[in-house]
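Here's the letter readout for the chains.
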Amino acid sequence: MNVKSIIESILYVSGNDGIDVNDIKKVVNLPADEIRKVIKEIQETYKSNPDSGFTIKAYGAHFYLLTKTENKEFISKLIDVRLKNPLTPAVMETLAIIAYNSPCTGVKIDEIRGTSSDGALKRLESLGLIVNSGRAETPGRPYLYEVTQKFFNLFGIKSLNDLPKINQDSSDLENVDFFNANRFEEDK
């Protein structure tokens, strides 16, 4: 049994969904630390081989087999790569509020934005970027929202601690570049 080959194949077939170590563990029956070590070895092999077109990235708890950034221009000539941003400023602002205040109630979002966020919340749920994670233990028991694994994938971060730092006293999120470390950028 070639564990490295098996894990590489699992990463490949997991596609856009990626895969976490616990799911890989079910197949290869190794401790999580050993699986992470093998993934790191595969990453180093890709990184050190200029002839390889792949890289492995971790976003949230999931690992992804991706094409190298430097090949993006050539891939886009063959495949229609859509980089259009479906997030309007209102939706983006709502998403940022949820990410920075997770879990967050709709009431808190509305207070911060100064307007109703119902439409933005529905859009974010339909895009799979947020999820209703239960109810607050406050009067009226409002819904709580938090970001999903898809959020981590889209913004290329491993945890909410990787979000850009902002002045918490300011409600001005317009100057924050949430895409500065997205999944299409290679670590330098």
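This text goes with the structure placed above it.
Each value, and the rule that gives it
- Residues numbered from 1 in each chain as written.
- Predicted model: local features only at pLDDT ≥ 70, side-chain atom pairs only at ≥ 80, totals over all residues.
- Heavy atoms only, no water.
- Pairing = 2+ DSSP bridges.
- Helix = DSSP H or I, 4+ residues; strand = E, 2+ residues; numbered from the N terminus.
- Contact = heavy atoms within 4.5 Å.
- Axes fitted to C-alpha atoms, helices over the stretch in contact; angles between N-to-C directions.
- Buried < 20%, exposed > 50% of the residue type's maximum accessible area, 1.4 Å probe, protein only.

K.L.:
Got a minute to help me understand the sheet that holds strand 5 (residues 130-135) in this structure?
P.N.:
The strands making up a sheet are joined through hydrogen bonds of the backbone, oriented either antiparallel or parallel. Strand order across the open sheet formed by 3 strands is 4-6-5, with antiparallel pairing between neighbours. Since the sheet does not close on itself, it has two edges, and those belong to strand 4 (104-105) and strand 5, each with one partner. Direction of pairing for strand 4 relative to strand 6 (residues 143-147): antiparallel, over a ladder of 2 bridges. Paired with Thr105 across the strands is Leu144, a residue of strand 6. Of the strands in this sheet, strand 5 and strand 6 touch helix 7 (residues 118-126), which is tilted by about 110 degrees from strand 5.

K.L.:
How should I be thinking about the pairing of strand 3 (residues 62-67) in this particular structure?
P.N.:
Each regular strand carries side chains that alternate between the two faces of the sheet. Along strand 3, 5 of the 6 residues are buried, which leaves the element largely enclosed by surrounding structure. The pairing of strand 1 (residues 19-20) with strand 3 spans 2 bridges and is antiparallel. Across the sheet, the residue bridging to Ile19 is Phe63, located in strand 3. Hairpin connection between strand 2 (residues 54-59) and strand 3: a loop of 2 residues separates the two successive antiparallel strands, and Gly60 in this loop has a positive phi of roughly 65 degrees.

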